Amino acid sequence: MQQVGKVSSLFKIIIFALSFLVYQPLANAAKEESFNVSEMIMHHINDAHEWHIAGPEHGGISLYLPVILLDNGLKTFSSKYFYHGKKCEVISKDGTTVHYMEGVGPAKGYALYHEEIYKLEKTNNSKGQSVYILKFHGEHPENSPTLDFSITKNVASLFIGALLIIILMLRMARFYRKNGAVAPSGIAKFLEPLIVVIRDDIAQENIGHGKHHKYVPYLITIFFFIWINNLLGLVPIFPGGANLTGNITITFFLALCTLFLTLFSSNKNYWKHIFATPGVPIALMPIMIPIEIVGIFTKPFALMIRLFANITAGHIIILALISIIFINKHIAWGALSVPMALFISCLEMLVAVLQAYLFALLSALFIGAAVEEAHH
Amino acid sequence: MNLVTPDLGLLFWTGLVFCLLLFVLTKYAWKPILNAVNTREQKITEALKLAEKTKAEMQVLKAENDQILKAARTERDQILKEAKEAANGMIEEAKGKAKVEAAKLVESARQNINSEKAAAMAELKNHVASLSLQIAEKVVRQELSSDDKQKALANQLAGEIKMN
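Reading the values: the criteria
Residues numbered from 1 in each chain as written. Chains lettered and ligands numbered in written order. Predicted model: local features only at pLDDT ≥ 70, side-chain atom pairs only at ≥ 80, totals over all residues. Helix = DSSP H or I, 4+ residues; strand = E, 2+ residues; numbered from the N terminus. Buried ≥ 20, exposed ≤ 12 C-beta atoms within 10 Å, placed from the backbone. Contact = placed C-beta atoms within 7 Å. Domains from an automatic or database assignment. Pairing = 2+ DSSP bridges. Axes fitted to C-alpha atoms, helices over the stretch in contact; angles between N-to-C directions. Core = buried A, V, L, I, M, F, W, Y, C linked by C-beta atoms within 7 Å. Expected span 1.5 Å × (residues − 1). pLDDT = per-residue confidence, 0-100. Parallel < 35°, antiparallel > 145°, perpendicular 65-115°, else oblique. Left-handed = near helix turned anticlockwise from the far one by under 90°. Nonpolar A, V, L, I, M, F, W, Y, C, P; charged D, E, K, R; others polar.

**Thoughts on the overall build of chain B**
Then step 1. Looking only at helices and strands, one finds two helices and zero strands in chain B.
Then step 2. The proportion of buried residues among the 164 residues of chain B is 7%.

Structural data, given as structure tokens:
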């Protein structure tokens, strides 16, 4: 009976959360004449300096995240000085009209344009007053953005995800510390099979006996990091919803880790396969060597693109399906869009674990190829 | 922010968080967890081996027990058989002895009877002889009590002689 009670209260929370999710674009749609789907979707899948929680886009409930700039020293202030700053409109050299937000208060001298922070130029206007301006060339500002180490939505989500993983895993570790080597129960019962699968079916299978031990912690960490963050991204309400694992920076970093781990654990045999592939005639070497060298980088590159594309695509599909209601401006379309979005959400839960598994598996495969001994 | 351009700030934070996560989890989670799992696996393997060994030992023990039981059963049968034979022998012997004894008794009894009978016969004979003598004396006295009678007897005797 208690179980049923728990499930039903969880269900209520989900319904409540979904109503928030629906309310946000609904409010937008009501306010604006035309509902721009691609803008809404791109806004969601990109990073931001605020964490929008509920209500209309501007003026609703939002978490203004700290901005940290490296520009002649460290500058920190809340991102609300941009979002509640001065709306500017400039006409660039080729005649395009662009809008950006000029910072006020501590953010004075900086501007937020497409979630990037630019330093403004101080000039005198026609009346002789000193003003800050941002020069544009087409839709792009002329100078490059400032060094921005802000706690953006993705960074905040990263912290939450990491914290969640640490709490989960330390609880699991505490179980073993307290009970010793006994049959697992509670959280350990659920997580242990996953760890054992990574150790046996991913690490041992692909890296080889004896050598896989030192790579197991990395593979387990990467699996849980991707999986938990994928799942967090699927949660439509506050602590989740950021497109973290669908961000190219994250996947780039993870692929870079695998690349470095592969290169640093590579042995003679690995380099011999690249620079003197056995069984290939000398005449073909000028072709083979560049191909093999490119191959070193294409493997982690594929890792980066795969995770990025899969997760971003999932977010885009769910948002696009929900948008059907707002494009057509009638709630009856919910009968079509909600079941489809639900189906894709379930599919994305599968994709979340599948991509985490694939990333760990392929990383192990690449490491395995680097540590493999000559067998001929 | 562009969709496909890595962002330096996010890269910095990701690197920091991921490296910290890797360090903390490896030290405080993966190592103890994997150690516990390995220890348990070892324990299970050892327990299974021990069970297999114990089973084999039990088998040997059972076979030994069976052997002992079998031997005991054979011995018991042997003892029972011997006892039966001994008992039978004793009975046979007793029977033979009894027969001999009985035969002896009968023989001595017969001898006794015979000797008693002979003694009785001898005594009877003596008695009959003395009785016959007494009767003959009495008859003779009677016969020779008068002259007439003596004459008659003489005549008779003479007659008999004559007739002969």
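The structure having been displayed, the exposition proceeds.
**Thoughts on the overall build of chain A**
Then step 1. Looking only at helices and strands, chain A features ten helices and 13 strands.
Then step 2. Each principal axis of the C-alpha atoms in chain A carries an extent, and together these give about 80 × 70 × 40 Å.
Then step 3. Evaluated residue by residue, chain A yields a buried proportion of 34% over its 376 residues.
Then step 4. When contacts within chain A are restricted to residue pairs at least 6 apart in sequence, long-range pairs at least 24 apart make up 60% of them.

**Observations regarding the domain arrangement of chain A**
Then step 1. On domain assignment, one finds that chain A holds domain 1 (66-148) and domain 2 (153-371).
Then step 2. Look at where the C-alpha atoms of domain 1 of chain A and domain 2 of chain A centre, and you get two points 37 Å apart.

**So, the sheet that holds strand β8 (residues 116-119) of chain A**
Residue and element names in this part refer to chain A.
Then step 1. If you trace the four strands from one edge of the open sheet to the other, you get β5-β6-β7-β8, paired in antiparallel fashion. The open sheet has two free edges, formed respectively by β5 (86-91) and β8, since each of these has just one partner strand. With direction set aside, neighbouring strand axes in the sheet form an average angle of 40°.
Then step 2. As paired strands, strand β6 (residues 97-102) and strand β7 (residues 110-113) are joined by two bridges and run antiparallel to one another. Paired with E102 across the two strands is A111, which belongs to β7.

**Here's the deal with the nonpolar core**
Then step 1. In this structure, I198(A), L219(A), I222(A), F223(A) and A360(A) are the most contacted members of the largest nonpolar core, which totals 61 residues.
Then step 2. Of all the secondary structure elements, the ones that give two or more residues to this core are α4 (153-179), α5 (187-207), α6 (216-234), α7 (248-265), α9 (285-328) and α10 (334-371) of chain A together with α1 (8-143) of chain B.
Then step 3. Ignoring any residue separated from it by four or fewer positions in sequence, one finds I222(A) in contact with L254(A), F359(A), A360(A) and S363(A).
Then step 4. L69(A), Y81(A), M101(A) and A111(A) belong to the second largest nonpolar core, which has 16 residues in total.

**Quick look at the pairing of β8(A)**
Residues and elements named next belong to chain A.
Then step 1. Sheet analysis places β7 next to β8, joined by four bridges and oriented antiparallel. If you follow Y110 over to β8, its bridge partner there is K119.
Then step 2. Hairpin connection, β7 to β8: the antiparallel pair is bridged by two residues, and H114 has positive phi, about 50°.

**Describing α7(A)**
Then step 1. With 18 residues, α7(A) ought to run about 26 Å at 1.5 Å a step, and its terminal C-alpha atoms sit 25 Å apart, in line with that.
Then step 2. Listing the buried residues of α7(A) in full gives I248(A), T249(A), I250(A), T251(A), F252(A), F253(A), L254(A), A255(A), C257(A), T258(A), L261(A) and T262(A).
Then step 3. As for α7(A), its buried residues are in contact with α6, α9 and α10 of chain A together with α1 of chain B.

**Some words on the environment of K80(A)**
Then step 1. Turning to its location among the elements, K80(A) is positioned in helix α3 (residues 80-83).
Then step 2. Considering only alpha carbons, one finds K80(A) and I318(A), 238 residues apart in sequence, at a separation of 29 Å.

**Thoughts on the environment of I228(A)**
All names here are of chain A.
Then step 1. Along the chain, I228 turns up in helix α6.
Then step 2. For the pair I228 and G240, spaced twelve residues apart in the sequence, the C-alpha separation amounts to 10 Å.
Then step 3. Discounting chain neighbours no more than four positions away, the residues touching I228 are G161, L164 and I165.

**A look at the confidence of the model for chain B**
Then step 1. Averaged over all residues, the pLDDT of chain B equals 91, while 98% of them reach at least 70.
Then step 2. As a predicted assembly, this complex carries a pTM of 0.77 together with an ipTM value of 0.87.

**Concerning the sheet that holds strand β13 (residues 147-148) of chain A**
Residues and elements named next belong to chain A.
Then step 1. Strand order in the open sheet formed by three strands is β4-β3-β13, with antiparallel pairing between adjacent strands. Each edge of the open sheet is held by one strand with a lone partner, namely β4 (74-78) and β13.
Then step 2. Pairing of strand β3 (residues 66-70) with β4, which is carried by five bridges, proceeds in the antiparallel orientation. Its bridge partner being in β4, V67 is matched across the sheet by F77.

**Examining the packing of α6(A) against α10(A)**
Residues and elements named next belong to chain A.
Then step 1. For the pair α6 and α10, the least separation of the axes is 9 Å and the interaxial angle reads 160°. Relative to α10, the element α6 lies roughly antiparallel. Considering the relative orientation of α6 and α10, their crossing is right-handed. Residues L219, I222, F223, I226, W227, N230, L231 and L234 of α6 touch α10, and the partners they reach there are S345, E348, M349, A352, V353, Q355, A356, Y357, F359, A360, S363 and A364.
Then step 2. Here the contact of α6 with α10 is built from residues that sort into 15 nonpolar, four polar and one charged.

**Points about unusual backbone geometry**
Residues and elements named next belong to chain A.
Then step 1. In this model, H114 sits at a positive phi of 50°, which is unusual for a non-glycine residue.
Then step 2. Among the structural elements, H114 can be located in the loop between β7 and β8.
Then step 3. Overall, H114 belongs to the partly exposed group, with 17 C-beta atoms counted inside 10 Å.
Then step 4. Residues other than glycine seldom take positive phi values, yet K329 does so here, at roughly 55°.
Then step 5. Summarising the element assignment, K329 is placed in the loop between α9 and α10.
Then step 6. K329 gets classed as exposed once you count the C-beta atoms within 10 Å, which come to 11.

**Some remarks on the interface of chain B and chain A**
Then step 1. Residue-level contacts link 31 residues of chain B with 42 residues of chain A.
Then step 2. In the side of chain B that touches chain A, the residues fall into 23 nonpolar, five polar and three charged.

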